[in-house]
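A closer look at the structure
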Amino acid sequence: MDEMTESGKRALLRLPGVYRPQADTWLLSRTLREAGLRHGVSGLDVFTGTGAVALALAEAGAAKVTAVDLSRRAALTARWNCARAGIAARVLHGDFAEAARHRRFDVVTANPPYVPAPDGAIGGRGRAWDGGHDGRALLDRLCAMLPDMLHPNGVALIVQSTLSDAERTLDDLRDRGLKAAIVARETIPFGPVMRRRAPWLAARGDIGADARTEDLVVIRGDRLGA
């Protein structure tokens, strides 16, 4: 199946079950392109899905791109899309922690599953979006690992919803020695998953009863030079 990128300049293949690029994908990609990264850097895109952000890494100047996803279909999709775009990316199937073991990168990008799930799910059919009971199961793991994934002066860009506690992400990164700030924000209408979960989120006080939108943010973490 072919889908167009935000700019409409490149078609993306997407196998059934692979996360469809949407507002969070495009917000992260735009922020990456505007980040003023040095050309020739090494980049890692975790939770890559179709590989849309991995492609944006290459467009932003990364000379070496690695992408990883726990979904075999996503890894295959990303491999196809990078090959079609002429990007010699290293696309891995597996857990992001294994992909980054004993390796460091100049840039790490992430669009992790961050939607709170009533049953605490982090896998199964909702693997691409379910982030556990508070939406932070994967975010917390990522924050804990980021300092060891980045070279000195390396940069991380993470997109998430404010419903999964962006302030906690900022605090976690700062506690681990990174300089962290929100560098982009966008308000979007609830998608199908959030519409279904809105009554549950409202009942536990996370949103108002009439809420129909959420805020996405991109958090930048800089590992200061040694």
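My aim in this report is to walk through the structure given alongside it, one point at a time. This structure is a prediction, so every number in the text was calculated from the model and none was measured.

1. Examining helix 6 (residues 166–175)
Residue pairs spaced three or four apart in an α-helix point in one direction, given the helix's 3.6 residues per turn. Within helix 6, burial applies to Ala166, Thr169, Leu170, Asp172 and Leu173. For helix 6, the angular spread of buried residues about the axis comes to 165 degrees, placing them on one side. The elements touched by buried residues of helix 6 are helix 5 (137–149), strand 7 (150–161), strand 8 (178–189) and strand 9 (213–223). Two residues or fewer past helix 6, Gly177 is found with a positive phi of approximately 95 degrees.

2. Let's talk about the nonpolar core
Ranked by size, the top nonpolar core spans 66 residues in total, and within it Leu32, Val46 and Met149 carry the most contacts. In terms of residue count, helix 2 (residues 52–59) provides more of this core than any other element does, 7 residues in total. Look past the residues within four positions of Val46 in its chain and what remains in contact with it is Val68, Phe96, Thr109, Ala110, Asn111, Leu142 and Met149.

3. As for the pattern of salt bridges
Going through the model one piece at a time under the given rule, you end up with 14 salt bridges. Arg197 is the salt-bridge partner of Asp130, the closest N and O atoms lying 2.7 Å from each other. Here Arg197 lies in helix 7 (residues 192–203) and Asp130 lies in the loop between strand 6 (105–110) and helix 5, a separation of 67 residues in the sequence. Summarising the burial analysis for this pair, Asp130 and Arg197 share the class buried. Linking Asp206 and Arg204 is a salt bridge whose minimum nitrogen-to-oxygen distance equals 2.4 Å. Assessed through its relative accessible area of 31%, Arg204 is described here as partly exposed.

4. Structural notes on the sheet that holds strand 7
Read across the sheet, 7 strands follow the order 5-4-3-6-7-9-8 without closing on themselves; strand pairing throughout is mixed. Of all the strands in the sheet, the pair left with one neighbour each is strand 5 (90–93) and strand 8. The mean angle between the axes of side-by-side strands here comes to 15 degrees, regardless of whether they run parallel or antiparallel. Here strand 3 (residues 42–46) runs beside strand 6; their pairing, made up of 4 bridges, is parallel. Looking at strand 6, one finds that Gly43 is bridged to Val107. Sitting on the sheet, helix 5 touches strand 3, strand 6, strand 7, strand 8 and strand 9, and the angle it makes with strand 7 is about 165 degrees. Across the sheet, helix 6 touches strand 7, strand 8 and strand 9, and the angle it forms with strand 8 is around 165 degrees.

5. Side note on the packing of helix 5 against helix 6
Between helix 5 and helix 6, whose axes approach to 9 Å, the crossing angle comes to 25 degrees. In terms of orientation, helix 5 and helix 6 fall into the roughly parallel class. Judged by the twist between their axes, the crossing of helix 5 over helix 6 is right-handed. Here Leu139, Asp140, Cys143 and Leu146 of helix 5 come into contact with helix 6, specifically with Arg168, Thr169, Asp172 and Leu173.

Rules used in this analysis
- Residues numbered from 1 in each chain as written.
- Predicted model: local features only at pLDDT ≥ 70, side-chain atom pairs only at ≥ 80, totals over all residues.
- Heavy atoms only, no water.
- Buried < 20%, exposed > 50% of the residue type's maximum accessible area, 1.4 Å probe, protein only.
- Helix = DSSP H or I, 4+ residues; strand = E, 2+ residues; numbered from the N terminus.
- Arc of directions from axis to C-beta.
- Contact = heavy atoms within 4.5 Å.
- Core = buried A, V, L, I, M, F, W, Y, C linked by side-chain atoms within 4.5 Å.
- Salt bridge = Lys/Arg side-chain N within 4 Å of Asp/Glu carboxyl O.
- Pairing = 2+ DSSP bridges.
- Axes fitted to C-alpha atoms, helices over the stretch in contact; angles between N-to-C directions.
- Parallel < 35°, antiparallel > 145°, perpendicular 65-115°, else oblique.
- Left-handed = near helix turned anticlockwise from the far one by under 90°.

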